[in-house]
Amino acid sequence: MVPAGRHAAQGGEGASAGFGGGQVLKPYDSFIRAHLRFYGYFRDETGREETAMSPGKPSGQHPKASTMGNTNPSWQRGPGPNAPRLVWTLQQGRPAPLTQPWRSPGEPQAPFSLPAPRWPVECEVIQETIEHIEWVPPEPEPFCPPTGPEQALYTLSVEQGTVVYHSSPVFQGSCFTCARVRGAPGPLSSPAAPLEGPQDTTLLFESRFESGNLQKAIKVGPYEYVLMLRPDLYTAKHTQWFYFRVQNTRQEPLYRFTIANMAKPKSLYGQGLQPLLYSQRDAQSRGIGWRRVGTDICYYRDIAGEPPMFRLSWSMRFPHDGDTCFFAACYPYTYSDLQRYLRALVADPARSRYCAVQALCRSLAGNTIYLLTITSPGGVAGKRVVVASARVHPGESGGSWAMRGFLDFLLSSHEDAKLLRRLFVFKVVPMLNPDGVVVGNSRCSLAGRDPNRAYGKALPGSFPGVWHLRAMVQRLLAEREVVLYCDFHGHSRKNNVFMYGCDAGRDGTATRLHQRVFPLMLSKNAPDKFSFSSCKYQVQKSKEGTGRVSMWRLGVSHSYTLEVAFSGSTLGGRSSHFSVQDLESLGRLLCDTLLDFCDPVPAKLQQCLVEADALLQRQMGREPGSGGSWSDVSPSDLESSTSGSDSSVSEGIPDDFHSPDRPMEPRRKKQLQRRRARNVLRRTNRSHTSIPAGTRRHPVLPGVQSGGVGAGEKPRASSSVTFPRAAGAENGPRAATGKVPGADSGVALSRVPEAGNGHCATRGRHQLDSGTSTATHRKPPLSLRHRGATSDSSQDPAVGAFLGPSWQRGGHRPRDRARPLAVRAVASRCCACARQ
């Protein structure tokens, strides 16, 4: 019997056959079956779920329990019986999610479980559940007048202050290793200084909850505090988002707060943006939620320290004595908020008819990355696809609120929503980086890198969300047209709402004009929020790894990033902050624009094409209607030199991605230099040799044809993929990629070779030893530089499954002998070693 490998690694929908009953299992298969049942990942063919560690069942005991030691801690096991009802299959030594039991829109849906978020084991988590009410202020909240630069020179004597709160995770290494529900085991520490008595006015700080990230609070005066934000986990930078709690408040005094380690040199706080405050007493007694507070707000550079840091200061008074209050940079939207929203959606019989909630994949920590398929029940023939995603950057919570408005409108009974569901199939990933949202990161995932720079890297073991999203779009393009891709973001340096598109400067005039039509239509539908003049279309080299550019390179002609300002709007006579209602309305306006954009009557499209041409002619200094062509003009000449994306300073993913924040050792650096030199020589020698038919020199992702793709060219989508065939398999079966129905999980179906011939979905690199329970695996030795890295299957197998062995990617050809492939718990894997 052959484990379902490659198609499961893609997040694909697997066949119902697997480790089911009625088959005579080989020793190795029997071991794997017991192993998966022990970790809660096994489900039989009849649909009856096997629960992990079921009392009284012999199958609940691990086959190597006598030699594994204590297996009780939950971070060494899978999600267990309380996890979502997903089916798991073997992905070359580790479980991978399947979506077979999930239904399509219009079919009955099973009860939706709500698993608790999983945290890195270094993080302490309080047991309290943090929830906030939703509230819209009766009047728009105006911007605060900015403070002059002369007041920004005020410095605080931090050295003479008293540390009243200090919570810093004790890392076991320089990169993520494992996670568990409720984070670090054992009793919680006490990071806050205790009060000396009822007269003590010291504030009590706390941030060890979902999306919280306060690291230290220093009391430098009776009512004055200097705060330090925790950098993104496994990095030493990216401090922008903040979210924390204070208690023991006093109503009369004027408090002064200063965040002393903000990372960006420019911020909307210098243009009138105010922090958000939430009072529990006001929420309970008056129904008031998040509101803008703060006076004397200033954002300035710290005169000391390298690299330079920036300070945000504000003054305010609390509304009540003895209150519990929260501060945040933007309206928080946590992973638990998303799960509660999905649970209510599934429980609603009306909305659930049009929406199927599925699992795209799982994050590094084991949190589910959800995929929503929205369309009208029935056939999907002739329907085009719209793909939307949000929250790849966890600190940009405004994108989640806009996404929620988008979903609310699509699932409503509005006539336009009904028309959209009849015309399109919507594939929506509402939270691409749940791990970063859970721990309170600003930009990065637990890999310690910006996942919005990893779309061009085949690293499913380090960036599973973006990798599976890109693979899904590839498969969709092979079957039908993807008319639009939109990635929801937030922006901390520019007001209003705007978009980034893709214009490489090599297309014709009509194509370049069409890139600007959708943003122009959105500006007409939202004149008081959306700024067409702020939109940019230049494809910079540093943005090649973003979702917008990556989807455009795949063949999605209209691929955009929707940027929502942290502050508010300066358009339409308003100069005020965005409320939650404003953010949610953006989703409805986006749907209206989609209908205008796809209107079969071309009047609106032609009008916008004429307007876009006139605007560009005027921007080039020409008279509108002069007839001059700008098709040969570079996009850099059409746009100002102002910064585009809010993540301009984000680093890309290096080609030799190793540890997120550990500098490379000199010896390792020299080894890589020698390896590159040998690779150049090897490629030169191979260029004069013939390559056998049916093989690829560089395996690529399914659905994409290899070959030279120049800048500005869009690779062609393909539904057929050729992989190197294993020796002796000339007459054996192949794994083939199936078609993707429009309303299914968006995951490819695969046909796995029949049992026999010693081949499986790993293209012949695994072989079962006859009469034994050991699988041999030929692979290069792993690096042992990380604590989580071992010399067995703890390496992420999906990388080898789709990229081939390291020597096929230009590394060393393995010289070691075949050695046993041991099976270990997935949680002990070092994510950064997945690139090996």
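On a predicted model such as this, the values are computed, not experimentally measured, just so you know. (Residues numbered from 1 in each chain as written. Predicted model: local features only at pLDDT ≥ 70, side-chain atom pairs only at ≥ 80, totals over all residues. Heavy atoms only, no water.)

1. Things to note about the confidence of the model for the chain
On average, the chain scores 73 in pLDDT, and the residues at 70 or more come to 60%. Across residues 658–664, confidence stays below pLDDT 50; counting only partners more than four residues off in sequence or on other chains, it has 25 contacts. For the stretch residues 689–836, pLDDT sits under 50, and the model shows 336 contacts to residues farther than four places along the chain or on other chains. (pLDDT = per-residue confidence, 0-100. Contact = heavy atoms within 4.5 Å.)

2. Observations regarding the sheet that holds strand β20 (residues 482–491)
Whether parallel or antiparallel, the strands of a sheet pair through hydrogen bonds between backbone atoms. Read from one edge of the open sheet, eight strands run β16-β17-β19-β18-β20-β23-β21-β22, paired in mixed fashion. Bordering the open sheet on either side are β16 (355–362) and β22 (536–538), each of which pairs with just one other strand. The mean angle between the axes of side-by-side strands here comes to 20°, regardless of whether they run parallel or antiparallel. With six bridges connecting them, strand β18 (residues 384–390) and β20 associate as parallel partners. The residue bridging V387 from the neighbouring strand is Y485, located in β20. Packed on one face of the sheet, helix α13 (residues 580–597) meets β18, β19 (424–429), β20, β21 (497–503) and β23 (559–565) and runs near 160° to β20. (Pairing = 2+ DSSP bridges. Helix = DSSP H or I, 4+ residues; strand = E, 2+ residues; numbered from the N terminus. Axes fitted to C-alpha atoms, helices over the stretch in contact; angles between N-to-C directions.)

3. Structural notes on the packing of aromatic side chains
Following the criterion strictly, the structure yields 31 aromatic pairs and no others. Between F205 and F244, the ring centres sit 6.2 Å apart and the planes meet at 40°, which makes this aromatic pair tilted. Pair noted here: F205 is in strand β6 (residues 204–206) and F244 is in strand β9 (residues 243–247), with a separation of 39 residues, a long-range link. On the basis of relative accessible area, F205 is assigned to the buried category, the value being 2%. Overall, the relative accessible area of 0% leaves F244 in the buried class. With a centroid separation of 6.1 Å and an interplanar angle of 65°, the aromatic rings of W241 and Y243 are classed as edge-to-face. You can call W241 buried: its relative accessible area is 2%. (Phe/Tyr/Trp six-rings, centres within 6.5 Å; stacked < 30°, edge-to-face > 60°. Buried < 20%, exposed > 50% of the residue type's maximum accessible area, 1.4 Å probe, protein only.)

4. Some points on the sheet that holds strand β12 (residues 291–292)
Taking strand neighbours across the sheet as the criterion, the five strands line up as β6-β9-β15-β11-β12 in an open arrangement whose pairing is antiparallel. Looking at strand neighbours, the two that pair on one side only are β6 and β12, the edges of this open sheet. Sheet topology places strand β11 (residues 276–279) next to β12; two bridges connect them, and they run antiparallel. In the sheet register, L277 faces β12, and the bridge partner there is R291.

5. As for the pairing of β11
Looking along a regular strand, one sees the side chains alternate between the two faces of the sheet. With burial as the criterion, each face of β11 is covered, one bearing L276 and Y278 and the other bearing L277 and S279. In this sheet, strand β15 (residues 325–328) lies alongside β11 in antiparallel orientation, the contact comprising four bridges. When the sheet's bridge partners are listed, L277 is paired in β15 with F327.

6. A closer look at the environment of Y243
If you trace the backbone, Y243 turns up in strand β9. Accessibility expressed as a relative area gives 1% for Y243, which makes it buried. Here the alpha-carbon distance between Y243 and C330, two residues 87 residues apart in the chain, equals 8.6 Å. One polar contact links Y243 to H132, side chain to side chain, over a distance of 2.6 Å. (Polar contact = N/O pair within 3.5 Å; in protein donor to acceptor, adjacent residues only side chain to side chain.)

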